[in-house]
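Single-letter residue listing:
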Protein chains: 2
Amino acid sequence: MATVERVRVALGERSYDVVVGAGILAGLGEALTALGRGRRALVVSDAGVASRYGAPAADSLARAGFATVRATVPAGERSKSLRQAARLYDAAIAGGLDRGAWVVAVGGGVVGDLAGFVAATLFRGVAFCQVPTTLLAQVDASVGGKVAVNHPLGKNLIGAFHQPRLCWGDVATLATLPRRELRCGLAEVIKHGMMADAAYLDEVEAALPRALAGDPAVLARVVAGSVRIKAAVVAGDEREESGARQCLNLGHTVGQALEAVAGYGRLHHGEAVAVGLVAAGEIALRQGTGWAARDQERLVGLLRAAGLPTRMPAGIGREDLLAAMVRDKKTLAGQLRWVLPLRTGAVAVGQLVPEPVVREVLADVGAAA
Amino acid sequence: MATVERVRVALGERSYDVVVGAGILAGLGEALTALGRGRRALVVSDAGVASRYGAPAADSLARAGFATVRATVPAGERSKSLRQAARLYDAAIAGGLDRGAWVVAVGGGVVGDLAGFVAATLFRGVAFCQVPTTLLAQVDASVGGKVAVNHPLGKNLIGAFHQPRLCWGDVATLATLPRRELRCGLAEVIKHGMMADAAYLDEVEAALPRALAGDPAVLARVVAGSVRIKAAVVAGDEREESGARQCLNLGHTVGQALEAVAGYGRLHHGEAVAVGLVAAGEIALRQGTGWAARDQERLVGLLRAAGLPTRMPAGIGREDLLAAMVRDKKTLAGQLRWVLPLRTGAVAVGQLVPEPVVREVLADVGAAA
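To keep things clear, this report deals only with the structure shown in the data block. (Residues numbered from 1 in each chain as written. Chains lettered and ligands numbered in written order. Predicted model: local features only at pLDDT ≥ 70, side-chain atom pairs only at ≥ 80, totals over all residues. Heavy atoms only, no water.)

## Section: unusual backbone geometry
What is expected of a backbone is that most residues other than glycine have negative phi and most peptide bonds are trans. We count it as follows: Comment: elements are numbered from the N terminus, with helices defined as DSSP H or I runs of at least four residues and strands as E runs of at least two.
One non-glycine residue, E240 of chain A, adopts positive backbone phi at about 60 degrees. Summarising the element assignment, E240 of chain A is placed in the loop between α8 (216-235) and α9 (252-262).

## Thoughts on the pattern of salt bridges
To be explicit about the condition: Salt bridge criterion: a side-chain nitrogen from Lys or Arg within 4 Å of a carboxyl oxygen from Asp or Glu. Between buried and exposed lies partly exposed: a residue is buried under 20% and exposed over 50% of the maximum accessible area for its type, with that area taken using a 1.4 Å probe on protein chains only.
What the rule picks out here adds up to 46 salt bridges over all chains. Here E77 of chain A makes a salt bridge to K155 of chain A, at a shortest N to O gap of 3.8 Å. Taken together, the residues span a long stretch of sequence, with E77 of chain A in the loop between β4 (67-73) and α3 (82-94) and K155 of chain A in strand β8 (residues 154-161) at a distance of 78 residues. The class for K155 of chain A is partly exposed, based on a relative accessible area of 26%. For E271 of chain B, the salt bridge is made with R180 of chain B, and the minimal N-O distance between the two is 2.6 Å.

## Regarding the packing of aromatic side chains
What counts, and what does not: Any two rings among Phe, Tyr and Trp, with Trp reduced to its six-membered ring, count as a pair given centres within 6.5 Å; such a pair is stacked if its planes are under 30 degrees apart, edge-to-face if over 60, and tilted if neither. A ring has a charge above it when a Lys NZ or an Arg CZ is no more than 6 Å from the ring centre and no more than 35 degrees off the ring normal.
Overall, the coordinates contain 0 aromatic pairs over all chains when judged by the stated rule. Seen from the ring of F66 of chain A, R39 of chain A lies directly overhead, with NZ or CZ sitting 4.3 Å from the centre.

## Focus: the sheet that holds strand β2 (residues 16-21) of chain A
Hydrogen bonds between backbone groups are what pair the strands of a sheet, and the pairing can be parallel or antiparallel. Residue and element names in this part refer to chain A. We count it as follows: We treat two strands as partners when DSSP finds at least two bridges between them. Geometry is summarised by axes, namely lines fitted to C-alpha atoms with helices restricted to the contacting stretch, and by angles between N-to-C directions that run from 0 to 180 degrees. Pairs of residues are marked as contacts when any of their non-hydrogen atoms sit within 4.5 Å.
With mixed pairing, 7 strands are arranged side by side in an open sheet as β1-β2-β9-β6-β5-β3-β4. Of all the strands in the sheet, just β1 (5-9) and β4 have a single pairing partner and so form its edges. Neighbour to neighbour, the strand axes of the sheet diverge by 15 degrees on average, direction disregarded. Here strand β6 (residues 127-132) pairs with strand β9 (residues 166-170) via 2 bridges, running parallel. Note on β9: the bridge partner recorded for Q130 is C167. The sheet contacts of helix α2 (residues 50-63) involve β3 (40-46), β4 and β5 (102-107), and relative to β4 the element is tilted by about 165 degrees. Together, β3, β4, β5 and β6 form the strand contacts of helix α4 (residues 109-121), whose direction differs from that of β5 by roughly 170 degrees.

So far we have only geometry, and geometry alone does not tell us how the molecule works.
Next up, the structure:
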C-alpha cells in the first residue's frame, strides 16, 4: 500500500482530515469509529459505483459495528434534486438514523453534493463523511463544505455550507474511472497549481504521464497536493464571505458559461474549465497583469498533455457565452468580476475587464461570432 | 406608541436584535435598510395573516426601496413541508432574488420555521428576518435559529440552525390573535419564568389580567422579558450541543407526547405544554428535587389564570403517552431524560426518573390506565 497522506482542513471546531491513499477503502469503518460519534450510517452512492465501492464501504462500516442503511441514486447530475433528497430523508428516517448518525457519500461530486445536503438538513445537521471516487471529487468537491441540489432554474441554488468530519479519498478507486473523467480532474489540479503554487505545478507537470497511466502513488501525491492548496484557501474563507475563496473560480467564469451554453452533459465540467483557464490567461495577457506569453504557452501545453481541450468546441456563440456569464452568480451589480493570473501560482480576484477584451478573447479561443 | 424594547441575542458574528413594541410593523423597511444588505426580499406569510400583516410588511419594505416578492402558504402545520419549501424556492428564484436578498417571515411559528428553512438553504443561506404575529412565535419560535419542515414520520426532522438577522415583534398584531392562541403563548411565558427567572414569573403573575385583556404595553414587557430569558439560554448553546439548551424542554417531554397522542390540531402546543409543566412539577415533587408543594400550587394557579388546561383531556392513554415519549428525540440510548424544576427559576436537565413514578404522575394528571 502506498503512503497515506493526511491533510488537515483547519476550520476551528469544524476542522477535519482529508485522508488520501491507495487501497484505504476497507479501513473506512475503523476511521469513522475513531471519530467517536453514533453507530448508525446512511451510505449513499450512485448506480455507477454502488456495487463496486458503495458496498465495500458499507461492509467496512458493518465490520466496525455500524448499523448501516444503503441508498442508491441514479448516476448523473439530475440526481441533485429535492426529489432525490426526499428519498434519502425517507431512507434515513425509516432506517432509524438518529442525531448522532453519519451520512456517508460514496461517489463523485453529484453524490457528495446531494448526500451532503441531506446531512446538512437531516435533524438540523448530522455528521457527514465524503468518500470521493472520482479525481474531480477528490481534489475539489470533497473539500470546502459546499453542498447543494439543483433548481430547475440553475445549478446549486439550494444548499448549505456543511463541512464533512472526514474525507476518505482512496485513489485505488480511480483505476475504474473513465479516462475522460480522470482528465477532467486534472483540469482542477492544473488550476490549483496555476492559481496558488508554482512548485506544485512543476510537480504535476513532471507527474502527468504517470498520473494518466494511473500510478496510485503518483495520484495520491497529486491529490494530496491539490487538497492542501484548496484546504488553505477554504480555511481563510469558509463561507465565501471575505472574497478569499473567489480565487478558486479561476477559469470558471468562461468555464461555467461554456457548460451552460454547450448544454450540460455534452461538455464535462473539467473540459469547460480547461478552456476557461486558457481564456483567463489570454485576458490576463491583454490586461497586462504580469502573466507572460511563456506562462500561457506552458498552461496550454499542460492542458494538452492532460488530454484536455484548450479551445471551444464548434458552434458555441460568443453572445450566448456573454449572456450566460452575466446570469451567473459571480456578477455583482451587473458587472462581471474576473479571477486573472498574475504569474504561475498567483492570481488577482474581483477584476473588471472591458467587454471588448472579453469578446476578443472568446473569439480567440474559438467562440463563433 | 408604547416603548420599544430591544434585546440582543449574543451569538458572535451571528448576533442579532429582537425588537419588541406596539405598532412597529410599518417601520420594518427602515429597520432592514439599516442592516445594510441587499435590496430584494421574499415576504412569506400564511393565508390567515397575508392581507392583515403580510401586505403592510411588504408595503413598508417597498417604501424603503426594496424590490419585494410575496408568497402565501396555506395556514396550518401542513405547510411545513418540502413541497411548500419548493414553492418558495420557485418564487424567490423566478422573482430575481440574489445572494444578498432577504427572506422575511410574517406570521406564526409555521411560517417562521418554513421561511427560515428556505432562507437557510436558498443560495446556501440568505439573510432572514422574523416578523412574528403570534404570542407563541414572539416569545419562542422567533428566538433560537431553529428552522425546519416536517417529515411524514415526524415533526421538524428536516431543518437547520439559521439565525435571523432581525426579529421584529409587533405586539399590536396580537390584537387580532384568537384568544386561545394568546393563552398558548402564555404557556411558554410561564415556562420561561418557572425555568429561569423567579422575578419575571412574579411580573407575569401580576401582569396576567392585563396581558389577557390585550394591553399592548404590558404585552410588550412580557414578550421582551421572555425573549431575554430565551436569548440568554440560546447564547450559551447555539446548536443544542452542550446540553444547556435542554432546559427549554421543561414541560415538553409530556407535552409533545400529549400532542402526538391527542392528534396534532386537537390540542394546541401551548395547551399540551401547560399539562406537561404540571407533570414535570409533579415528578419533581416525588423525586425530591427541592420543588415544593406551594411552588406546584402556584404553577397550577397561574396556568389556570391564563386559561390553560392543567390536566389531560379525556381519553388519553398512559401507555400511548409513554410510547410516544420513548419515540421522541430526547431519548438517549433508549432512556428518557427529564427537565425537572428545582425551585421557581431553576431546573435540572438530563434527569432519569423511574418509570413507576412517571406512570403515577401521568395518572395523577388525568391519563387513562
